[in-house]
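Residues per chain, in single letters:
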Amino acid sequence: MKPTREQVHYTMSRVRSSGSVIEKQLGTALWKAGFRYRKQYSIFGKPDFVLVSRRVVIFCDSEFWHGYQWGSKAKAAFKSNQEYWFAKIERNRKRDRKVNKELEREGWTVLRFWEHEISSNVDDCVHRVRQAVQAAQQ
């Protein structure tokens, strides 16, 4: 059965910007691997995790909100209110590019992990963080 407009609105209003399942999963794995990070760190773009002394920032991007495979999935992903959703996802993607560019300009290493990367192979994500930290030390 198709959810009503009110049900969709209620569900979307419960989506939070911090503390998602993928964020908790990656955070736990990073902590177990010995990485000590900051959350809610006051820096441009509001990264999910910040390794301050190494100048590495990490974002956990959900596939819906950040437009994973946006070119090939855009039309099929939305059955109604397409104009709103296309504009919304496009703004998110544009903002992500701007955040990456600004943080890199300020000397930060920016890592972004898609939801499926974290869910299916969090160890690989931790390995990529380790590589970025090692590269930042050189």
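Look up: the structure comes first, before these words.
Note that this is a predicted model, so its numbers are computed, not measured.

Basis of the calculations
- Residues numbered from 1 in each chain as written.
- Predicted model: local features only at pLDDT ≥ 70, side-chain atom pairs only at ≥ 80, totals over all residues.
- Heavy atoms only, no water.
- Helix = DSSP H or I, 4+ residues; strand = E, 2+ residues; numbered from the N terminus.
- Buried < 20%, exposed > 50% of the residue type's maximum accessible area, 1.4 Å probe, protein only.
- Contact = heavy atoms within 4.5 Å.
- Areas by Shrake-Rupley, 256 points an atom, 1.4 Å probe, with all protein chains shown as cover.
- Axes fitted to C-alpha atoms, helices over the stretch in contact; angles between N-to-C directions.
- Parallel < 35°, antiparallel > 145°, perpendicular 65-115°, else oblique.
- Left-handed = near helix turned anticlockwise from the far one by under 90°.
- Nonpolar A, V, L, I, M, F, W, Y, C, P; charged D, E, K, R; others polar.
- Core = buried A, V, L, I, M, F, W, Y, C linked by side-chain atoms within 4.5 Å.
- Salt bridge = Lys/Arg side-chain N within 4 Å of Asp/Glu carboxyl O.
- Pairing = 2+ DSSP bridges.

Participant: Could you give me a rundown of the overall build of the protein, with the residues and numbers involved?
Facilitator: Across its full length, the protein holds seven helices and three strands. Counting helices and strands in the order they occur from the N terminus, the protein gives α-α-β-β-α-α-α-β-α-α. Split into buried and exposed, the 138 residues of the protein put 33% on the buried side. For the protein, the share of sequence-separated contacts (at least 6 apart) that also reach a separation of at least 24 residues comes to 56%. Within the structure as shown, the protein displays about 9,400 Å² of accessible surface, and the carbon and sulfur contribution to it stands at 50%.

Participant: Describe the packing of helix H2 (residues 21–32) against helix H7 (residues 122–137), listing the residues and the values that go with them.
Facilitator: Close contact between H2 and H7 brings their axes to 10 Å; oriented N to C, the two are set at 60 degrees. On the basis of their axis angle, the class for H2 and H7 is oblique. Seen from above, H2 lies across H7 with right-handed handedness. Touching Gln 25, Leu 26, Ala 29 and Leu 30 of H2 are Val 122, Cys 125, Val 126 and Val 129, all from H7. Tallied by class, residues from the contact of H2 with H7 come to seven nonpolar, one polar and no charged.

Participant: How would you summarise the nonpolar core if you had to cite specific residues and measurements?
Facilitator: With 19 residues, the main nonpolar core has Leu 26, Leu 30, Ile 58, Phe 113, Ile 118 and Val 129 as its most contacted residues. Put simply, the parts of the chain that give this core at least two residues each are H2, strand E1 (49–51), strand E2 (56–61), strand E3 (109–114) and H7. Here the element with the most residues in this core is H7; it accounts for six residues. Setting aside chain neighbours within four positions, we find Ile 118 in contact with Ile 22, Gln 25, Leu 26, Cys 60, Phe 113 and Cys 125.

Participant: Residues and numbers for the pattern of salt bridges, please.
Facilitator: Counted by the stated rule, this structure contains six salt bridges. Across the pair Glu 102 and Arg 105 runs a salt bridge, and its minimum N-O distance is 2.7 Å. Of this pair, Glu 102 and Arg 105 both sit in helix H5 (residues 82–105), three residues apart, which is roughly one turn of that helix. On the basis of relative accessibility, which here comes to 22%, the residue Glu 102 falls in the partly exposed class. In this structure Arg 105 comes out as exposed when scored by relative accessible area, which is 62%. A salt bridge links Arg 128 to Glu 117; the nearest nitrogen and oxygen atoms lie 3.0 Å apart. Taken together, the residues Arg 128 in helix H7 and Glu 117 in helix H6 (residues 115–120) connect sequence positions eleven residues apart.

Participant: Break down the pairing of E2 for me, with residues and values.
Facilitator: Summarising burial for E2: six of the six residues are buried, a large majority. The alternating pattern of E2 places Val 56, Ile 58 and Cys 60 and Val 57, Phe 59 and Asp 61 on opposite faces, both of which are buried. Of the pairings in the sheet, the one linking E1 to E2 comprises three bridges and is antiparallel in character. Looking at the pairing, Phe 49 lines up with Ile 58 of E2. Turn length for the E1-E2 hairpin, with the two strands adjacent in sequence and antiparallel, is four residues, and the turn residue Arg 55 shows positive phi of about 60 degrees. Judged from the six bridges that link them, E2 and E3 form a sheet pairing that is parallel. In the sheet register, Asp 61 faces E3, and the bridge partner there is Trp 114.

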